[in-house]
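# Structural description and commentary
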Amino acid sequence: MTRGRFAPSPTGALHVGNARTALIAWLHARATGGAFVMRVEDLDFGRVRPGFMERQLDELRWLGLDWEEGPDVGGPHAPYIQSQRQERYEAALRRLAELGLLFECSCSRRDIAAAASAPHVGEEGPRYSGTCRPRLVDPTVPSLTTHGRSLFALRMRADPGVVEFDDLLMGRCAFDPAAEGDFVVRRKDGVAGYQVAVVVDDGAMGITHVVRGADLLSSTARQILLYRALDLPIPDFLHVPLMLGEDGERLAKRHGAVSLGELRDAGVPPDAVIGWLASTCGLVEPGERISARGLVPRFEVARLPREPTIVTAADLERLRVR
């Protein structure tokens, strides 16, 4: 059975771009007769805000989305909040250390930027040059995820080699993880990094299809390395192009990006929001109103856009006044 998921971070309000990704992930699960899992990714402790998790879940339900498993409904793979799953990440890190894939890295961002290879900048900043590679992690140490400030992060070796996979929307993709260098799997604050946490959680929760924003497309190769090393099944991926402002940048407050909470407070009905989001994906005609449930029979991956959607200020204003 198909098992999909959406994994918001409670660091701010959900805007229309987040909502579109959530909608597509939900539609894919429902159209294939599968289950939908809600997981909260709250490991960025410095940015997490109290009450935002509850607010985001409430707004998604207002939009018409539901889920079989999640932090508010429980389920067989609980807990569904990443900050409560640290022991699972520790076990994964220890396995990677046993395989000789992890090393301690004390380099600062400034050190990395000053390295000879620094002109290459990836999604996580300048390319790491491998300075600390000889400092392999001892897998017998008491704890690999001790909380509190540490002198080093843990990085996973990313040796040269192209990783290929078939994306359900983008088609055949190929990335060399080494192009962006060895990547962090445990931060200096002792918290598991995004790459390892998402792989461990998707594996443990039996996620078969990962639907997410196209900004994470290149992360897939690194995650496949982790799936392989941890002997976990690799899910299918569907990366959804982003919604961008007229300047070509990701939607943000400077574009007047509308949050779900603002739309609800303004009295915009959820079927108008669903209809507008669906129209940007080519699933319905512009101006049509439709519920999330009513959209399920119309959903087809082949109809989704493969290029970013440009959202104008006029588009957002029309949405507000519906």
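Presented here is an overview of the structure given in this document.

About the criteria used
Residues numbered from 1 in each chain as written. Predicted model: local features only at pLDDT ≥ 70, side-chain atom pairs only at ≥ 80, totals over all residues. Heavy atoms only, no water. Helix = DSSP H or I, 4+ residues; strand = E, 2+ residues; numbered from the N terminus. Buried < 20%, exposed > 50% of the residue type's maximum accessible area, 1.4 Å probe, protein only. Contact = heavy atoms within 4.5 Å. Areas by Shrake-Rupley, 256 points an atom, 1.4 Å probe, with all protein chains shown as cover. Core = buried A, V, L, I, M, F, W, Y, C linked by side-chain atoms within 4.5 Å. Axes fitted to C-alpha atoms, helices over the stretch in contact; angles between N-to-C directions. Parallel < 35°, antiparallel > 145°, perpendicular 65-115°, else oblique. Nonpolar A, V, L, I, M, F, W, Y, C, P; charged D, E, K, R; others polar. Pairing = 2+ DSSP bridges. Phe/Tyr/Trp six-rings, centres within 6.5 Å; stacked < 30°, edge-to-face > 60°. Lys NZ or Arg CZ within 6 Å of the ring centre and 35° of its normal.

A tally of helices and strands in the protein chain yields ten helices and 13 strands. A buried classification covers 51% of the 322 residues belonging to the protein chain. Relative to all contacts within the protein chain whose residues are 6 or more apart in sequence, the contacts with residues 24 or more apart total 76%. Accessible surface computed for the protein chain: about 13900 Å², of which carbon and sulfur atoms make up 53%.

Before going further, it helps to spend a moment on the environment of Val-258. Mapped onto the fold, Val-258 is located in the loop between strand S12 (243-244) and helix H7 (260-265). Excluding residues that lie within four positions of it along the chain, Val-258 makes contacts with His-15, Val-16, Leu-263, Leu-316 and Arg-320.

Along the polypeptide, Leu-96 turns up in helix H3 (residues 86-98). Leu-96 sits in the buried class, given a relative accessible area of 0%. Sequence separation of Leu-96 and Arg-157 is 61 residues, and the distance between their C-alpha atoms is 9.9 Å. Every residue in contact with Leu-96, bar those within four places of it in the chain, is listed here: Leu-101, Leu-102, Met-156, Val-196, Leu-226, Ala-229 and Leu-230.

Turning our attention to the environment of Val-240. Along the chain, the position of Val-240 falls in strand S11 (residues 236-240). Assessed through its relative accessible area of 2%, Val-240 is described here as buried. Taking the C-alpha atoms as reference, Val-240 lies 8.2 Å from Ile-24; in sequence the two are 216 residues apart. Those residues in contact with Val-240, other than ones at most four positions away along the chain, are Arg-20, Ile-24, Val-211, Arg-212, Gly-213 and Ala-214.

Before going further, it helps to spend a moment on the nonpolar core. Of all hydrophobic cores here, the largest spans 51 residues; its most connected members are Val-16, Leu-23, Leu-60, Leu-260, Leu-263 and Leu-295. Elements that contribute at least two residues to this core include exactly helix H1 (16-31), strand S2 (35-38), helix H2 (52-63), S11, H7, helix H8 (270-280), helix H9 (292-295) and helix H10 (313-320). Per-element tally for this core: the top contributor is H1, with nine residues. Contact partners of Leu-60, with chain neighbours within four places excluded, come to Phe-6, Leu-14, Ala-22, Met-38, Leu-65, Trp-67 and Leu-260. Among the nonpolar cores identified, the runner-up in size contains 30 residues, and Leu-93, Leu-154, Ala-192 and Met-205 belong to it.

Here we come to the packing of H3 against helix H5 (residues 194-204). Working note: a packed helix pair is described by the angle between its axes plus the distance between those axes. Contact pair H3 / H5: the axes reach a minimum separation of 10 Å and the direction vectors enclose 110°. One way to sum up the angle between H3 and H5 is to call them roughly perpendicular. Residues Arg-88, Tyr-89, Ala-92, Leu-93 and Leu-96 of H3 touch H5, and the partners they reach there are Val-196, Ala-197, Val-200 and Asp-201. In terms of residue class, the contact of H3 with H5 is built from seven nonpolar, no polar and two charged.

The subject of this paragraph is H8. Counting buried positions along H8 yields nine of eleven residues, so the element is predominantly enclosed. When we look at burial in H8, the residues that qualify are Ala-272, Val-273, Ile-274, Gly-275, Trp-276, Leu-277, Ala-278, Ser-279 and Thr-280.

Closest axis-to-axis distance for the H1/H8 pair is 10 Å, and the angle between their directions is 80°. By the criterion of interaxial angle, the relationship of H1 to H8 is roughly perpendicular. When H1 is examined against H8, the residues Val-16, Ala-19, Arg-20 and Leu-23 are found in contact with a partner set consisting of Ile-274, Trp-276, Leu-277 and Thr-280. Taken together, the residues that form the contact of H1 with H8 break down as six nonpolar, one polar and one charged.

Take the sheet that holds strand S6 (residues 153-156) next. Strand order in the open sheet made by the three strands is S3-S6-S9, with antiparallel pairing throughout. Edge strands, defined here as strands with exactly one partner in the open sheet, are strand S3 (102-105) and strand S9 (183-186). Neighbour to neighbour, the strand axes of the sheet diverge by 45° on average, direction disregarded.

Below, the discussion takes up the packing of aromatic side chains. A complete count under the given rule lists three aromatic pairs for this structure. Judged by centre distance (6.0 Å) and plane angle (25°), the ring pair of Phe-103 and Tyr-128 falls under stacked. Here Phe-103 is found in strand S3, whereas its partner Tyr-128 is found in the loop between strand S5 (125-126) and S6, with 25 residues between them in sequence. An identical accessibility class is assigned to Phe-103 and Tyr-128; each is buried. Centroid distance Phe-165 to Phe-175: 6.2 Å. Interplanar angle 20°. Geometry classified as stacked. Within this pair, whereas Phe-165 is found in strand S7 (residues 163-167), its partner Phe-175 is found in strand S8 (residues 171-175), the two being separated by ten residues in sequence. An aromatic cluster is defined as three or more aromatic residues linked by ring pairs; in this entry it consists of Phe-165, Phe-175 and Phe-237. Sitting over the face of the ring of Trp-67, Arg-61 holds its NZ or CZ atom 4.1 Å from the ring centroid. Stacked on the ring of Tyr-128, the Lys or Arg Arg-155 has its end atom at 4.1 Å from the ring centre.

Of the consecutive residues Ala-78 and Pro-79, the connecting peptide bond is found in the cis state with omega at 0°. Assignment of secondary structure puts Pro-79 in the loop between H2 and H3. Unlike most non-glycine residues, Asp-231 shows phi in positive territory, near 55°. Within the secondary structure, Asp-231 sits in the loop between helix H6 (219-229) and S11.

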